[in-house]
Amino acid sequence: MTREYAPPASGTGAPLSGSVLAEAAVVFAVVLSIHAAVWDRYSWCAVALAVQAFYVQYKWDRLLQQGSAVFQFRMSANSGLLPASMVMPLLGLVMKERCQSVGNTYFERFGIVVAATGMAVALFSSVLALGITRPVPTNTCVISGLAGGVIIYIMKHSLSVGEVIEVLEVLLIFVYLNMILLYLLPRCFTPGEALLVLGGISFMLNQLIKRSLTVVESQGDPVDFFLLVVVVGMVLMGIFFSTLFVFMDSGTWASSVFFHLMTCVLGLGVVLPWLHRLIRKNPLLWLLQFLFQTETRIYLLVYWSLLATLACLVVFYQNAKRSSSESKKHQAPTIARKYFHFIVVATYIPGILFDRTLLYVAATICLAVFIFLEYVRYFRIKPLGHTLRSLLSLFLDERDSGPLILTHIYLLLGMSLPIWLVPRPCTQKGSLGGARALVPYAGVLAVGVGDTAASIFGSTMGEIHWPGTKKTFEGTVTSIFAQIISVALILIFDSGVDLNYSYAWILGSISIVSLLEAYTTDNLLLPLYLLILLMA
């Protein structure tokens, strides 16, 4: 841990560290930028939410230090509640604004629901922290009460009855997912990561239920349904097996055979029929026709298969080096771990350039494969469970202190979220001008290029450290320059990108996200914040 807290006196806490204040300053810069761009009652709600989340974050930090949190969260420099609390509300605001500008009323209202849901989930996390803090933090309770009252009042007079019910449904799912997953998976998440990941899963689950019940009226794109069914199906599969293997040893051959059989039953008996109901086609035939529809897609699939093989060879090579070294506790250096960032960048850029819909579906399939292999590793399912444990242990870092290894899944999510999240009807070709043209590249820029450059150059040549962190000034500057160079290359190779002289906003967005990278421990936030700024 990088800092300690003194016991609070009379409801007040010890001074916040410089790193927490710097991170909060960056987040408030983003919130105020979006507020200035949108400037409506919803953006005022976002400002109020940010203020109360700033005060509540310290309470979560103190609970983690004292070990008084309800669940076993992963220890980190801070809880990350403030930046995580603002993702869904800000994303909903910019989505509403973008869809409003192109006249898409359905997705405009959808954006408002996203923002309201994010605020409700963040307020619940705040109430949870304040409820278990002793002594009761009077000042923070007053601030949270005022902010919550303003948000609830505005949303009550802005949402329809159906939209209010939808928000409450997501909140209920979020509460139950918190109780189930945080109990089954101790030390896998910080409070901020739990808010972000479980909030997103809760929203997707509610959307899937809603669209399944109104399938007659649903006119959605099959690829959207594919993402919803795959993600929700993999999460439910994990909950099922986690509960089951509490009562039986998962490492035996009998349990492994049962695992594979039940996976087939759940996939063929639940997931595929569910997807068939939504898309009204045979899911397997639709997927095969989709993947091999054009010659370009076949070339991309072959190219991606070669890159996947290369990634596997890197894993085997690094493990062979560990076996030949004297120290069995050898860990892969930072540069070796960043090989995968280079491979992922090489994967996503051709997909964005030539076929974004194929990339959308391929990233969904890759996520399902990653999660399934993690289940095999975690439950020690034969014959690959122990092998995966041995191979992947080389690439662990401080974020993998719990039973799950999430680093590679977070990398995939960071690259894919900008492709998945933005409603395509609001971003058709020709409707994305200026900085918005770079939205599909947000994951590549923030994670694939920026985070990689900052990590490599900061760890090898950095000398000037940012206050309260291990990150360096040299790494941040290198990250900014690397992303600027990448934008220039995108302009050269992607004829569909027209920045319309919005260079200052792009430079400011990249700089703000690079500063956030210097102070946050959750790299999943970086592409989301860059996406939000570019969409604004």
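Structure shown above.
Residues numbered from 1 in each chain as written. Predicted model: local features only at pLDDT ≥ 70, side-chain atom pairs only at ≥ 80, totals over all residues. Heavy atoms only, no water.

Peer 1: When you look at the overall build of the chain in this model, what are you seeing that I'm missing?
Peer 2: Helix and strand content of the chain: 20 helices and zero strands. Relative to the compact-globule value of 24 Å for 536 residues, the chain shows a C-alpha radius of gyration of 23 Å, a close match. A sequence separation of at least 24 residues applies to 80% of the contacts in the chain between residues at least 6 apart. A total of about 23,400 Å² of accessible surface is found on the chain, and carbon and sulfur atoms cover 69% of it. Charged side chains of the chain number 34 positive and 28 negative; the gap between the two group centres comes to 5 Å. (Helix = DSSP H or I, 4+ residues; strand = E, 2+ residues; numbered from the N terminus. Rg over C-alpha atoms; globule rule 2.2 N^0.38 Å. Contact = heavy atoms within 4.5 Å. Areas by Shrake-Rupley, 256 points an atom, 1.4 Å probe, with all protein chains shown as cover. Lys, Arg positive; Asp, Glu negative; His and termini not counted. Charge placed at Lys NZ, Arg CZ, Asp CG, Glu CD.)

Peer 1: Explanation requested: the environment of Ser502 in the structure shown.
Peer 2: In this structure, Ser502 sits in the loop between α18 (473-493) and α19 (503-519). The class of Ser502 is buried, set by a relative accessible area of 16%. Sequence separation of Ser502 and Thr214 is 288 residues, and the distance between their C-alpha atoms is 42 Å. If we skip the residues at most four places from it in the chain, Ser502 touches Gly434 and Ala435. For Ser502, the side chain forms a polar contact with the main-chain oxygen of Leu499, separated by 2.5 Å. (Buried < 20%, exposed > 50% of the residue type's maximum accessible area, 1.4 Å probe, protein only. Polar contact = N/O pair within 3.5 Å; in protein donor to acceptor, adjacent residues only side chain to side chain.)

Peer 1: Would you take a moment to explain the pattern of salt bridges for this structure?
Peer 2: Working definition: two side chains of opposite charge can pair if their charged atoms are close together. The tally for this structure, following the rule as stated, stands at nine salt bridges. Ionic pairing is found between Asp40 and Lys96, a salt bridge with its closest N-O pair at 3.0 Å. With Asp40 in the loop between α1 (18-38) and α2 (41-66) and Lys96 in helix α4 (residues 87-101), this residue pair connects regions lying 56 residues apart in the sequence. Across this residue pair, the class does not change: Asp40 and Lys96 are buried. One salt bridge connects Arg356 with Asp494, and the closest N-O pair in it is separated by 3.6 Å. With a gap of 138 residues between them, Arg356 in helix α14 (residues 356-378) and Asp494 in the loop between α18 and α19 connect regions that are remote in the sequence. Among the residues examined, Arg356 registers a relative accessible area of 34% and is labelled partly exposed. If you follow the salt bridges from partner to partner, you end up with Asp40, Lys96 and Glu97 in one network. (Salt bridge = Lys/Arg side-chain N within 4 Å of Asp/Glu carboxyl O.)

Peer 1: Please clarify how the nonpolar core should be interpreted in this entry.
Peer 2: A general feature of soluble globular proteins is that nonpolar side chains tend to end up buried together. Counting residues in hydrophobic clusters, the biggest one holds 173 residues, and the most contacted among them are Ile34, Met86, Leu90, Phe189, Leu438 and Tyr529. If one sorts the elements of this core by residue count, helix α9 (residues 222-244) sits on top with 14 residues. Beyond its immediate sequence surroundings of up to four residues, Leu438 is in contact with Val487, Ile490, Val497, Leu499, Ile506 and Leu534. (Core = buried A, V, L, I, M, F, W, Y, C linked by side-chain atoms within 4.5 Å.)

Peer 1: Help me out: how do you make sense of the environment of Gly238 in this one?
Peer 2: Turning to its location among the elements, Gly238 is positioned in helix α9. C-alpha of Gly238 to C-alpha of Arg211: the two residues are 27 residues apart in sequence and 23 Å apart in space. Beyond its immediate chain neighbours, meaning those up to four positions away, Gly238 contacts Tyr375 and Phe379.

Peer 1: Looking at this structure, I do not really get helix α6 (residues 138-156). What am I missing?
Peer 2: Because an α-helix completes one turn every 3.6 residues, residues spaced three or four positions apart along the sequence face the same direction. The end-to-end C-alpha separation of α6 is 26 Å, in line with the 27 Å expected for 19 residues at 1.5 Å each. Turning to α6, its buried residues are Thr140, Ser144, Ala147, Gly148, Ile151, Ile154 and Met155. Around the axis of α6, the buried residues are gathered within 130° of arc, so they sit on the same side. Residues of α6 that are exposed and angled more than 90 degrees away from the buried face: Thr138, Asn139, Leu146, Tyr153 and Lys156. (Expected span 1.5 Å × (residues − 1). Arc of directions from axis to C-beta.)

Peer 1: Please clarify how the side chain of Ser202 should be interpreted in this entry.
Peer 2: Checked against the element boundaries, Ser202 lands in helix α8 (residues 191-213). Judged by relative accessible area, which is 0%, Ser202 ranks as buried. Among the polar contacts listed, one links the side chain of Ser202 to the backbone oxygen of Leu198, at a separation of 2.7 Å. Discounting residues that sit within four places of it in the chain, Ser202 has contacts with Val170, Ile173, Phe174 and Leu177.

Peer 1: I tried to follow the side chain of Thr452 on my own but got confused; where do I start?
Peer 2: Structurally, Thr452 can be placed in helix α17 (residues 442-461). The exposure class assigned to Thr452 is buried, which follows from its relative accessible area of 3%.

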